[in-house]
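# Coordinates in review
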Amino acid sequence: MTAPPAAGATADAAPAPRAGGRRPGLPPTVRYLGGRVLTALVSLLAVMVTSFFLFRVLPGDPVTALTQGRAVTVEQLEAMRRDFGLDQPLPQQFLDYCLGMLTLDFGTSYQYRVPVSDLILERLGPTLLLAGTGTLIAAVLGLVLGTRAGWRRGSVMDRVDTGVALTLWSVPSFWLGLLLIVLLASGAGLFPTSGMSTPGVTGPLNVALDVAHHMVLPVATMVAVVYAQYMMIMRSSLVDEAGADYLTTARAKGLRDALVLRRHAVPNALLPTVTLIFLNLGRVVSGVILIETVFAWPGLGSLFYSGLRVPDLPIVQALFVVFAGSVILMNLLADLVYPLLDPRVRT
Amino acid sequence: MTAPAAPAAPDQPAPEPAGPVLSASGLHVTFAGRGGRAARAVDGVDLEIRPGEIVALVGESGCGKSTLARALLGLVRPTSGQVAYHGRPLDYRSRELKRFRERAQLVLQDPSGSLNPRHTVYDAVAEGRRIHNGATPDEQERVAEALSRAGLRPPERFLLRYPHELSGGQRQRVVIAGALILDPEVIVADEPVASLDASVRGEILRLLMRLRDDFGLAALVVTHDLGLAWNIADRIAVMYLGRVVETGTVEEVLSAPRHPYTRALLSVLPEAGQEPQVLAGEPPDPTRIPGGCRFHARCPVLASGRAEAAGVAERCRTEDPGPLPAGGAADAACHWARAQAAGG
């Protein structure tokens, strides 16, 4: 007989004071935030160092590449090398690079002869527009389909939706892009084949419509290829939640199935998805290099591609840091938002 | 347990005149099992829960007691047979089911799992009332009242807490408060204390008994723990492989068990003071319920030859003793026990 009912009935009734576990010094929230920010800064530093060496390991000499097919003297080559700072010993180059990065001076592009920061700012808008729109649509589509599939796991709808999503996920984006161009742009002539705008279009409304028209195919390509990951994460985390006792409790209290899903299952299943969305928001900046290249979209992705061919070291180094930095930043934001969404992380 | 208490003790309460709140008759629940074999989780059960009565449903894990509990609340639809609420068969149309679920509440084993981690205590307790009454101005008052009825006092200190900030016992009290806010007639509690510390169990069980005594609440408590059943229940139903094999008042069943299965369960309690009787044979598998008496392959009475001596061994192997009626009189679905009773 395990439970002698003679035990005092009130001992449990008083809420346990939560004095234990608190360490002296900083309040826990500050410790949490400080820890996350510190981790992010360390990651960023590591990325900076990696970026310098990574692209110097690449084969190819920028000076040779830029002067290919032209008659240049040895003195001219020497002058270019000096100009780019490539005549310095490696430690000196590294030091200059670090000082530049820390003062946000990314140097001058070898091929365009303009400051890298100007190039990045100019290309940032188009990338944010394309990849931001694509990520947003893909996330919403994936979450809706993933919820449907996870709640009715094993149904015909689940199997069809999951199958379609995984098929598209395994399609290379450049191939799908080219296919769409061949079929709908150069074939049916419904959409422009490349670029972001038609020269000569004026007026804010016309320009907006023109850009939207140019966006359809690249955005469609991107959404088709990436929505599966949102769908699969949402589906599996909903399947995890679907067996939870609190759903049975809610049902037993008389809550309709649709409301059990909306009020209980979805908000909890969304938690793991939040991290994924934030990570992908970070990747919005790096754009979709292949898609931008296929559609000649004037964004950071195609800038990176053009920088990589030379290699235009200031461009690729700076972009690498910017791409990685935005992922780190968004990851940090996800960590900071998470406690607001999940009370269990708060204490 | 040599000297059985008199089967009809003089102080035994007269049978309740009121009809059962919740009853099952001829209830079968079959699941499509692995490899196409059907699992007969509940295989013909008659059971009654009367007002102000705590019924303990006892059995090993996998005997179908949780499925029976869920079927009684309309969470699982029976394959055949019916569940009746105040004598009327349960109506599975959503509007009718919702009305029923205002009156019958569920308490699950693991309070950590049965509370939504992102809802405060207030949200968790108020949910039932919001479902059935909408948001009313006296909501906060009612939540506080339910919390203090469940023993969480002062209730104000708990309203904005999250489940992870509470102890296991406090969480289970929150779950019970969430059930009490609707003033239910009957609570079905599936292993309500199995996941709690021993020190907290007694408190939760006392709470259930107080609710019965003070508010006339009826309850079905599902448990694998005979000691727990002894402490809180008025009546007991012992379940084996989807069927109730022995039923009666707690005193009748636990002090004078008739069914060899009940005897075996009791013999392993440390207080039994007798040689523990470990059951031989395969553990029960609801996809393969043996013919004849479903317990015969593991039955110590049959194995020891006592059934043979009583002349029922053949019937044990070939004849199903049949389901027990829900009436409440002490009875066991056992050829040998019946032969013993008939033979004196």
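Bear in mind that the values here come from a model prediction, so they are computed numbers and not experimental data. (Residues numbered from 1 in each chain as written. Chains lettered and ligands numbered in written order. Predicted model: local features only at pLDDT ≥ 70, side-chain atom pairs only at ≥ 80, totals over all residues. Heavy atoms only, no water.)

Time to look at the UniProt feature "transmembrane region" (unreviewed entry) in chain A. All names here are of chain A. The positions that UniProt labels "transmembrane region" (unreviewed entry) are, in the present scheme, residues 37-58, 124-145, 166-191, 211-228, 269-295 and 315-341. For residues 37-58, the end-to-end C-alpha separation is 32 Å, with 95% helix and 0% strand making up the annotated structure. Helix makes up 100% of residues 315-341 and strand makes up 0%, while its end C-alpha atoms are separated by 38 Å. (UniProt positions renumbered as here; feature names shortened; annotations may be inferred. Helix = DSSP H or I, 4+ residues; strand = E, 2+ residues; numbered from the N terminus.)

Here B:Pro154 lies in the loop between helix H5 (139-149) and helix H6 (168-180). Measuring from C-alpha to C-alpha, the distance between B:Pro154 and B:Gly227 comes to 32 Å, with 73 residues separating the pair along the chain.

Attention now moves to the side chain of B:Thr262. Residue and element names in this part refer to chain B. Within the secondary structure layout, Thr-262 lies in helix H10 (residues 260-267). On the basis of relative accessible area, Thr-262 is assigned to the buried category, the value being 0%. In this structure Thr-262 touches Val-238, Glu-246, Val-253 and Pro-257, once residues within four positions along its chain are discounted. (Buried < 20%, exposed > 50% of the residue type's maximum accessible area, 1.4 Å probe, protein only. Contact = heavy atoms within 4.5 Å.)

Glancing now at the pairing of strand S3 (residues 54-58) of chain B. Residue and element names in this part refer to chain B. Counted residue by residue, S3 has five buried out of five residues, so it is predominantly covered. Burial along S3 is two-sided: the face carrying Ile-54, Ala-56 and Val-58 and the face carrying Val-55 and Leu-57 are both buried. Where S3 and strand S8 (residues 218-223) come together, five bridges link them in parallel fashion. Note that in S8 the partner of Val-58 across the bridge is Thr-223. Bridge analysis of S3 against strand S9 (residues 235-240) gives four bridges, and the strand direction is parallel. (Pairing = 2+ DSSP bridges.)

The next point concerns the domain arrangement of chain B. Note on interface size: it is often stated as the accessible area lost on association of the parts. Residue and element names in this part refer to chain B. Taken domain by domain, chain B comprises domain 1 (22-240) and domain 2 (257-343). Using C-alpha coordinates to define each centre, domain 1 is positioned 30 Å away from domain 2. Opposite the 17 residues of domain 1 that make contact, domain 2 presents 19 residues. Seen at the junction of domain 1 and domain 2, the total is four residue pairs in polar contact (both at pLDDT 80 or more). Elements supplying a minimum of two residues to the side of domain 1 that touches domain 2: strand S2 (38-49) and S9. Classifying every residue of the side of domain 1 that touches domain 2 gives seven nonpolar, two polar and eight charged. (Domains from an automatic or database assignment. Polar contact = N/O pair within 3.5 Å; in protein donor to acceptor, adjacent residues only side chain to side chain. Nonpolar A, V, L, I, M, F, W, Y, C, P; charged D, E, K, R; others polar.)

As a further point, take the pattern of salt bridges. Scanning all chains against the criterion turns up 31 salt bridges over all chains. Linking A:Arg235 and A:Asp158 is a salt bridge whose minimum nitrogen-to-oxygen distance equals 2.9 Å. Of this pair, A:Arg235 sits in helix H8 (residues 204-242) while A:Asp158 sits in helix H6 (residues 156-169); the two residues are 77 residues apart in sequence, bridging distant segments of the chain. For A:Asp158, a relative accessible area of 3% puts it in the buried group. Between B:Asp285 and B:Arg288 there is a salt bridge, and its shortest N-O distance comes to 3.5 Å. Note on B:Asp285: relative accessible area 22%, which makes it partly exposed. Among the charged side chains, a salt-bridge network with shared partners connects B:Arg40, B:Asp43, B:Arg243, B:Arg294 and B:Asp320. (Salt bridge = Lys/Arg side-chain N within 4 Å of Asp/Glu carboxyl O.)

The next point concerns the confidence of the model for chain B. Confidence in the prediction for chain B averages 87 pLDDT; 92% of positions are at 70 or higher. Low pLDDT, under 50, characterises residues 1-16 of chain B; the predicted model gives this stretch 14 contacts beyond four residues in sequence or across chains. (pLDDT = per-residue confidence, 0-100.)

Moving on: the packing of aromatic side chains. All names here are of chain B. The tally for this structure, following the rule as stated, stands at 13 aromatic pairs over all chains. Judged by centre distance (5.3 Å) and plane angle (70°), the rings of Tyr-261 and Phe-295 are edge-to-face. A residue pair is termed long-range when its members are at least 10 positions apart, and Tyr-261 in helix H10 and Phe-295 in the loop between H10 and helix H11 (300-303) qualify at 34 residues. Overall, the relative accessible area of 0% leaves Tyr-261 in the buried class. Taking the relative accessible area as the measure of exposure, Phe-295 reaches 1% and is therefore buried. Seen from the ring of Phe-215, Arg-149 lies directly overhead, with NZ or CZ sitting 4.1 Å from the centre. (Phe/Tyr/Trp six-rings, centres within 6.5 Å; stacked < 30°, edge-to-face > 60°. Lys NZ or Arg CZ within 6 Å of the ring centre and 35° of its normal.)

So, about the sheet that holds strand S6 (residues 104-107) of chain B. Hydrogen bonds along the backbone pair up the strands of a sheet, which may run parallel or antiparallel. Residues and elements named next belong to chain B. With mixed pairing, seven strands are arranged side by side in an open sheet as S6-S7-S8-S3-S9-S10-S11. Each having just a single partner strand, S6 and strand S11 (331-332) make up the two edges of the open sheet. Along the sheet face, helix H2 (residues 94-103) touches S6 and strand S7 (186-190) and points at about 65° away from the line of S6. Along the sheet, H10 contacts S9 and strand S10 (243-249); its crossing angle with S9, the most-contacted strand, is approximately 105°. (Axes fitted to C-alpha atoms, helices over the stretch in contact; angles between N-to-C directions.)

We now examine helix H4 (residues 121-133) of chain B. Relative to the 18 Å expected for 13 residues at 1.5 Å per residue, H4(B) spans 19 Å between its end C-alpha atoms, a close match to the ideal helical length. B:Glu127 marks the point of greatest bend in H4(B), at about 40°. Within H4(B), ten of the 13 residues are buried, leaving the element largely enclosed by the surrounding structure. For H4(B), the full list of buried residues reads B:Val121, B:Tyr122, B:Ala124, B:Val125, B:Ala126, B:Glu127, B:Gly128, B:Arg129, B:Ile131 and B:His132. If you follow the buried residues of H4(B), they end up packed against helix H9 (245-252) and helix H10 (257-286) of chain A together with H2, H5 and H6 of chain B. Following H4(B) by one or two positions, B:Gly134 adopts a phi angle in the positive range, close to 75°. (Expected span 1.5 Å × (residues − 1). Bend = angle between axes of the 7 residues up to and from the residue.)

As a further point, take the nonpolar core. All names here are of chain B. In terms of nonpolar packing, the biggest core is built from 72 residues, with Val-125 and Ile-236 touching the most fellow members. Here the element with the most residues in this core is helix H7 (residues 198-215); it accounts for seven residues. When residues of this core are assigned to domains, at least three map to each of domain 1 (22-240) and domain 2 (257-343). With residues near it in sequence (within four places) discarded, Ile-236 still touches Ala-56, Val-58, Leu-226, Ala-229, Glu-246, Thr-247, Gly-248, Thr-249, Val-250, Val-253 and Leu-254. Counting residues in each nonpolar core, the second largest holds 38 residues, with Val-45, Leu-57, Ala-237 and Ala-333 among its members. (Core = buried A, V, L, I, M, F, W, Y, C linked by side-chain atoms within 4.5 Å.)

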